[in-house]
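Fold and geometry: a report
Here is how the chains run, residue by residue.
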Amino acid sequence: MAQAAVMIGALPIGPTCARKAGLLELARKKSGVLRLAKPSAGPRRPDPQTLDLFAEVEHA
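Now for a quick tour of the structure. (Residues numbered from 1 in each chain as written. Predicted model: local features only at pLDDT ≥ 70, side-chain atom pairs only at ≥ 80, totals over all residues. Heavy atoms only, no water.)

**A look at the sheet that holds strand 1 (residues 6–8)**
Our working definition: Think of it this way: DSSP has to see at least two bridges between two strands before they count as a pair. Secondary structure elements follow DSSP: runs of H or I of four or more residues count as helices, runs of E of two or more count as strands, with numbering from the N terminus. Lines fitted to C-alpha atoms define the axes, with helix axes restricted to the stretch in contact, and inter-axis angles between N-to-C directions lie between 0 and 180 degrees.
Taking strand neighbours across the sheet as the criterion, the 3 strands line up as 2-1-3 in an open arrangement whose pairing is antiparallel. Strands at the two margins of the open sheet, each flanked by one partner only, are strand 2 (11–13) and strand 3 (34–36). The mean angle between the axes of side-by-side strands here comes to 30°, regardless of whether they run parallel or antiparallel.

**Some points on the nonpolar core**
The nonpolar side chains of a soluble globular protein tend to be buried, and buried together. Where we set the bar: Here, the term nonpolar core denotes a set of buried Ala, Val, Leu, Ile, Met, Phe, Trp, Tyr and Cys residues that are joined through side-chain atoms within 4.5 Å. Type-normalised accessible area, obtained with a 1.4 Å probe on protein chains alone, sets the label of each residue: buried when under 20%, exposed when over 50%, and partly exposed for intermediate values. Whether two residues are in contact is decided by their heavy atoms, any of which lying within 4.5 Å being enough.
Formed by Ala5, Val6, Ile13, Ala18, Leu23, Leu24, Ala27 and Leu34, the largest nonpolar core amounts to 8 residues. With 3 residues, the top contributor of residues to this core is helix 2 (residues 23–28). Among all residues touching leucine 24, those that are not within four sequence positions of it are Ala5, Val6, Ala18, Arg19 and Leu36.

**Here we look at the pattern of salt bridges**
To keep things clear, this is the line we draw: For salt bridges, the criterion is a side-chain nitrogen of Lys or Arg within 4 Å of an Asp or Glu carboxyl oxygen.
Applying the stated rule across the entire model yields 1 salt bridge. Here arginine 28 makes a salt bridge to glutamate 25, at a shortest N to O gap of 3.0 Å. Here arginine 28 and its partner glutamate 25 are both found in helix 2, 3 residues apart, which amounts to about one turn of the helix.

Take a look at the structure:
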C-alpha cells in the first residue's frame, strides 16, 4: 500500500479495501473514529527490505 485512504483510529486502511468496505463515504461524514487520511506530499522512500524486481535497471 503506497498510501492510506482512510484511518480508523491510528490504523491505516488502503484505498481498495476502503472502497470495497464502503468506508470512504462514512469517513467523509466524519462518523466516530473513522476519518479520511491526509495525503502526504513528501518523497517516497523505497523499503530497504524489498528487493528490486529488475536489478539491472537503474533508478533515478
